[in-house]
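# Breakdown of the fold
Residue-level listing of the chains:
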Amino acid sequence: YDIPPPQPPTSKIIMGIFSHLGPYGKLTLTISPGKLGISLKIIEHPTTRSPTGGAKITQVDDTSMLHGQVKVGDVLITVDDNVVMTMEDVKCGIGRVRKLGIVKG
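Below: a short report on this structure.

### Remarks on the side chain of Ser64
Assignment of secondary structure puts Ser64 in the loop between strand S4 (55-60) and strand S5 (75-79). Note on Ser64: relative accessible area 8%, which makes it buried. Ignoring any residue separated from it by four or fewer positions in sequence, one finds Ser64 in contact with Leu36, Gly37 and Ile38.

Encoded structure:
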């Protein structure tokens, strides 16, 4: 029998929940393990929209598991309920399911 070679796992969004956070929307996404497929810039000076900092999304790859869920200008504020202050905070838990907190831009 010809057995096809194993295929890599497909990254996809497991669940998306929208809720409100003050006057701005906060999107909470639970995502599969792996790279996010987005480019980020750490916010060094907190703003009203992101008083604790976070990381602004500067690019979303077409192949990103987040494509269609986030856009350039959105701010990643938490990973697994931990506030994002550095790029290391974003990379934490890349090999497992993660919960992302995003404020829409």
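Read on for the rest.
### Description of the pattern of salt bridges
Close approach of charged atoms allows side chains of opposite charge to pair. Enumeration over the complete set of coordinates arrives at 4 salt bridges. Across the pair Lys71 and Asp74 runs a salt bridge whose closest N-O atoms are separated by 3.8 Å. Since its relative accessible area comes to 0%, Asp74 is described here as buried. For Asp74, the salt bridge is made with Lys104, and the minimal N-O distance between the two is 2.9 Å. Of this pair, Asp74 sits in the loop between S4 and S5 while Lys104 sits in the segment after strand S7 (98-103), placing them 30 residues apart in sequence. Through salt bridges with shared partners, one network takes in Lys71, Asp74 and Lys104.

Criteria and cut-off values
Residues numbered from 1 in each chain as written. Predicted model: local features only at pLDDT ≥ 70, side-chain atom pairs only at ≥ 80, totals over all residues. Heavy atoms only, no water. Helix = DSSP H or I, 4+ residues; strand = E, 2+ residues; numbered from the N terminus. Buried < 20%, exposed > 50% of the residue type's maximum accessible area, 1.4 Å probe, protein only. Contact = heavy atoms within 4.5 Å. Salt bridge = Lys/Arg side-chain N within 4 Å of Asp/Glu carboxyl O.

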